[in-house]
Amino acid sequence: MDKAILCLGLTKRSFVQVDRERLGFDLIKMQWNMDIARDLSREENRGLVEQVKRSGPNRMILCRCDSKNAIDYGRTLGVSLFQGRYTDKVLDPDAKIVN
């Protein structure tokens, strides 16, 4: 039997307080939010960069990426996994988005 992959969804505030590995989760998912990308030098964003490093860039998913700005922001933080309408459209430009 294959082992299940455990993913924990967090907000930007709770993300910096959680130790993914200690809790036994394989992945962390944080929702993209335009508000957090306005000033990358803000203390809040510096904390996110440090937490991405601690969690592992290949262990964090930035979700709800609806534009290239979301991907660019995630890369600035060190994130390497993305999910959302923009990524879906890049992968399959002819696909219809259904909610």
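Quick caveat, the model's predicted, so the values are computed rather than measured. (Residues numbered from 1 in each chain as written. Predicted model: local features only at pLDDT ≥ 70, side-chain atom pairs only at ≥ 80, totals over all residues. Heavy atoms only, no water.)

Participant: Sorry if this is basic, but what is going on with the pattern of salt bridges here?
Facilitator: In a structure, side chains of opposite charge can pair up when their charged atoms sit close to one another. For the structure shown, the criterion picks out 2 salt bridges. For the salt bridge of Lys53 with Glu50, the shortest nitrogen-to-oxygen distance reads 3.6 Å. Here Lys53 pairs with Glu50, and both are found in helix α3 (residues 43-55), just 3 residues apart, close to one helical turn. On the basis of relative accessible area, Lys53 is assigned to the exposed category, the value being 56%. Under the relative-accessibility criterion, Glu50 is labelled partly exposed at 38%. With a closest N to O distance of 3.0 Å, Lys68 and Asp72 form a salt bridge. You can see Lys68 and its partner Asp72 sitting in helix α4 (residues 68-77), 4 residues apart, about one turn around the helix. (Salt bridge = Lys/Arg side-chain N within 4 Å of Asp/Glu carboxyl O. Helix = DSSP H or I, 4+ residues; strand = E, 2+ residues; numbered from the N terminus. Buried < 20%, exposed > 50% of the residue type's maximum accessible area, 1.4 Å probe, protein only.)

Participant: Looking at this model, I keep getting lost on the pairing of strand β3 (residues 60-63). Mind explaining?
Facilitator: A regular strand carries its side chains on alternate faces of the sheet. Burial along β3 is two-sided: the residues Met60 and Leu62 and Ile61 and Cys63 are all buried. Sheet analysis places strand β2 (residues 27-31) next to β3, joined by 4 bridges and oriented parallel. Among the inter-strand pairings, Gln31 is bridged to a residue of β3, identified as Cys63. Sheet analysis places β3 next to strand β4 (residues 81-82), joined by 2 bridges and oriented parallel. Bridge assignment links Ile61 to a residue of β4, and that residue is Leu81. Handedness of the crossover is the feature at issue here: the chain leaves β3, passes through α4, returns alongside β4, and the resulting connection is right-handed. (Pairing = 2+ DSSP bridges. Right-handed = clockwise from strand over helix to strand, strands pointing away.)

Participant: What should I look at first to understand the sheet that holds β4 in this one?
Facilitator: Note on sheets: strands pair through backbone hydrogen bonds, and any given pair is parallel or antiparallel. The 4 strands lie next to each other as β1-β2-β3-β4, forming an open sheet whose pairing is parallel. Every interior strand has two partners, whereas the edge strands, β1 (7-10) and β4, have only one.

Participant: Mind showing me how you'd approach unusual backbone geometry here?
Facilitator: For residues besides glycine, phi is generally negative; the peptide bonds are generally trans as well. The backbone of Arg64 shows a phi angle near 65°, a positive value even though the residue is not glycine. Within the element layout of this structure, Arg64 appears in the loop between β3 and α4.

Participant: Hey, could you run me through the side chain of Asp26 in this one?
Facilitator: Along the chain, the position of Asp26 falls in the loop between α2 (20-23) and β2. A relative accessible area of 16% places Asp26 in the buried class. Here Leu6 takes part through its backbone nitrogen, which lies 2.8 Å from a polar atom of the side chain of Asp26. Excluding residues that lie within four positions of it along the chain, Asp26 makes contacts with Lys3, Ala4, Ile5, Leu6, Arg20 and Arg59. (Polar contact = N/O pair within 3.5 Å; in protein donor to acceptor, adjacent residues only side chain to side chain. Contact = heavy atoms within 4.5 Å.)

Note that all results are geometric; they support no functional claim without further evidence.
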